[in-house]
Structures are given as C-alpha cells and as structure tokens.
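# Summary of structural features
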Amino acid sequence: MDLRKLAADAVSQNKKAALLIGGAGFAILGLGLGYKYLRKPEKAVRVGVVSQLLIHPLKSGKAVPLALAECQKMGLKFGELQDRHWMVVTEDGHMVTGRQEPRLVLVSLTCEGGQVCLNGPNMEELKFPIKQPDNPVLDCRVFGVDIQGRDCGDKVSHWLTHYLKAEKTYRLVHFEPCMRPRKPAEKEAVYQQFEEVAYPDFGPVMLLSEASVKDLSSKLEKGVTVERFRPNIVISDCKPFDEDSWEELQIGSVRLQRVMACGRCLFTTVDPETGVISRKEPLETLKNYRLCKPSEKHIYKTSPLFGQLHNVKKTGIFQVGDVVYKITR
C-alpha cells in the first residue's frame, strides 16, 4: 500500500470538507445579514396617552379602575383579579350577561387576601374563597363554545339569584389556570388558532379613545361615558376614531396587535349607572354612522363598530399616563 498516496487522499478529502463547511457558514451568515438589512426598521409614532385602565373581573359586572396593570396573553391582571375570569351561568351552564340581566352591571367583584368580595345595590357584601378545589367543575357555554368553570358555591348562587330577582337559579363560575381556554378562532376566522381567552366575548384586550366617546355623545340627547362600552384601555390626546388605524401599539413594556373592530350589540343600551336597558340608544345612533364596509359584512353583519380588539403580542406592564406609540415599518 502506498502510504504517501493515502496521506495525499486524506488531505484532499479534508480540504473538500473544509470548503463545504466554510461555504455553508458563509451562506448562513449571508442570510442573517440579508435579513438584518432587508428587514424594515421599526418606527414608533406617538398617538396618545393612557387615561384609564379598566378590568372587568366579572363578565358583565362593574369595572374596577386601575392605576397599573399586568397585561398577560389572556388579558389584564392585577393581583388576584383577572379580566373576565368569573361568569354568571344558568344551571345548565349557559352564560348570563347584561343582555339578559341588565342589573348585572351594578355588581362589583373584587379580591382581597384570597377572598372574593361580591357587592350590589341593597345587598349585604358576600365573601368566599377564591380557591374552592372541592367544588364541582361545570361545563359552560360562551357563544356556543364549550369552556369550564369552577362552581363558587350555593351561597353565591343564592345571593345572585336573589339580587337579580330571577325565576331561575343562577350560579357563579371561576376560570382556573388548569382549565382549557376558549379559542376565539372557533367563532371568528380573523383570529389565529393559538390565541386563547377565558370568558371575554372575543379578544383579550379592548381599546377605545375618549375622543370617540365624546364624538358619539355629541350626537345623543344624553351623553354616554366610556364605562358603557367596557374597554380595558382608554386613550386620550387623539382624534375621534384614530384607534381604528392603529395596527400595532407599544404601551409601557406591552406590545399589542389589532385583530378586528368591536361590533356593538344591545348591551350598549344598558346604563352602567342605573342598570336599566333602553334597547335603543346609543346603538341606533351608532348604526347611522359606524357600520362596516360592504366587504366586511361577512364579519360584522349589521353591528356598528366602536372600539378595537387587540391581542397581546408581548406581555408586560403598563400604567395610566403611559404614552401610546403606533408601530410602523
């Protein structure tokens, strides 16, 4: 065997391998540099200021104003309160909202020291533990989509049924972290399959500007407040309906991505101060000037649009007074 020939062949093979590896490395480096320079840089444009943060622990219940909040993938959180994580249901698990029981908007649900506190007009405060692992888990329905909830007990059920003067029995359920969330995509195709919520109608975050509410109020005999539309984030220092064009936002350390406008229903005719439903305004006025484009009727149908639904692209913390930046590329 010619040892010199074997050695020469080995050197030749190593050179080829080195060239291949080196070529692959340069190709990867080239792709990385190409992405870096081809990607359009972000530009942050100031569009407003956060004037209010509102969390609605009880679906259709009274809003809790916050100075600061954590924004998670499934919505706003402050301490033990999480947005739309409690819900009133019938005994067979169907959701009950202010559409059916307008006086629900006067019910306050707060948490303190591991206890839930329920309050309502002319009712004694009721306290019960947040965690009740021995209580049954109920199969519930939100807009026809299945979701679970931990029953909060008979005392709570009696309190709610008595307060609402209901002929049927109502129960309160709590969504727990171990439970499977709802996927908005099951009802609205504009959402992606990985997006999840507990008991909100659709998206985890709803945003509305003060200017849009003032614009609507100017068209009504009796003005309305932002609380009637149940947003999580209220923006000031912008023009009416500017929020319609904000596709991506940076607020504090939170990044939000617009998904769709918020189609409005009969619930907007419930006065948040009295719990009385008019079944007319401001819904009728909104229908006069806030209907969708003909190309979007398959999404919104005849519902007027007011406010914007966002997903949480990056979780974090924001607070009242934070500047709102629109992200463009």
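Residues numbered from 1 in each chain as written. Predicted model: local features only at pLDDT ≥ 70, side-chain atom pairs only at ≥ 80, totals over all residues. Heavy atoms only, no water.

In the nomenclature of an unreviewed UniProt entry, the protein chain is known as MOSC domain-containing protein of Astatotilapia calliptera.

### Structural notes on the side chain of Arg228
Mapped onto the secondary structure, Arg228 falls in the loop between helix H3 (210-217) and strand S15 (233-236). Overall, the relative accessible area of 13% leaves Arg228 in the buried class. In terms of polar contacts, Arg228 uses its side chain to reach the backbone carbonyl oxygen of Thr268, at 3.0 Å. Those residues in contact with Arg228 that lie beyond four places of it in its chain are Thr268, Thr269, Val270, Asp271, Pro272, Glu281 and Pro282. (Helix = DSSP H or I, 4+ residues; strand = E, 2+ residues; numbered from the N terminus. Buried < 20%, exposed > 50% of the residue type's maximum accessible area, 1.4 Å probe, protein only. Polar contact = N/O pair within 3.5 Å; in protein donor to acceptor, adjacent residues only side chain to side chain. Contact = heavy atoms within 4.5 Å.)

### Re the pattern of salt bridges
This structure, assessed with the given rule, holds 19 salt bridges. Residue Arg99 is joined to Asp201 by a salt bridge in which the shortest nitrogen-to-oxygen separation is 2.9 Å. With Arg99 in the loop between strand S7 (95-96) and strand S8 (108-112) and Asp201 in the loop between strand S13 (170-174) and strand S14 (205-209), this residue pair connects regions lying 102 residues apart in the sequence. Here Glu248 makes a salt bridge to Arg255, at a shortest N to O gap of 2.7 Å. Like Arg255, Glu248 is buried. Through salt bridges with shared partners, one network takes in Glu42, Glu248, Arg255, Lys313 and Arg329. (Salt bridge = Lys/Arg side-chain N within 4 Å of Asp/Glu carboxyl O.)

### Thoughts on the confidence of the model for the protein chain
On average, residues of the protein chain score 91 in pLDDT, and 88% of them reach the 70 mark or higher. Predicted confidence for residues 14-22 stays below pLDDT 50, and this span has 0 contacts to residues more than four positions away or in other chains. (pLDDT = per-residue confidence, 0-100.)

### Structural notes on the packing of aromatic side chains
Enumeration according to the criterion identifies 6 aromatic pairs in this entry. Pairing Phe241 with Tyr289 gives two aromatic rings, centres 6.1 Å apart and planes at 75°, and the pair type is edge-to-face. Taken together, the residues Phe241 in the loop between S15 and strand S16 (248-251) and Tyr289 in helix H4 (residues 283-289) connect sequence positions 48 residues apart. Lying over the aromatic face of Tyr289, Lys219 brings its terminal NZ or CZ to 4.6 Å of the ring centre. In this arrangement the basic side chain of Arg290 is found over the ring face of Phe241, its NZ or CZ atom lying 4.0 Å from the centre. (Phe/Tyr/Trp six-rings, centres within 6.5 Å; stacked < 30°, edge-to-face > 60°. Lys NZ or Arg CZ within 6 Å of the ring centre and 35° of its normal.)

### What about the sheet that holds S8?
With antiparallel pairing, the 3 strands of this open sheet are ordered in space as S8-S9-S10. Looking at the sheet topology across the chains shown, the edges are occupied by S8 and strand S10 (126-129). Neighbour-to-neighbour, the strand axes of this sheet turn through a mean angle of 25°, independent of strand direction. Pairing of strand S9 (residues 115-119) with S10 involves 4 bridges; the strand directions are antiparallel. Each bridged residue has a counterpart across the sheet, and for Val116 the counterpart in S10 is Phe128. Relative to S10, helix H2 (residues 154-163) is tilted by about 150°, and along the sheet it contacts S9 and S10. (Pairing = 2+ DSSP bridges. Axes fitted to C-alpha atoms, helices over the stretch in contact; angles between N-to-C directions.)

### With respect to the pairing of strand S19 (residues 316-319)
Only one face of S19 is covered, namely the face carrying Gly316 and Phe318; the face carrying Ile317 and Gln319 is uncovered. Sheet analysis places strand S3 (residues 68-72) next to S19, joined by 4 bridges and oriented antiparallel. Note that in S19 the partner of Leu68 across the bridge is Gln319.

### Considerations on the nonpolar core
Trp86, Leu109, Leu118, Leu172, Ile233, Leu256 and Phe318 are the most contacted members of the largest nonpolar core, which has 50 residues in total. Beyond its immediate stretch of four places on either side in the chain, Leu118 contacts Val107, Ser108, Leu109, Glu124, Glu125, Leu126, Phe128, Val156, Trp159 and Leu172. Grouped together as the second largest cluster of nonpolar side chains are 13 residues, Met74, Met95, Cys140 and Val173 included. (Core = buried A, V, L, I, M, F, W, Y, C linked by side-chain atoms within 4.5 Å.)

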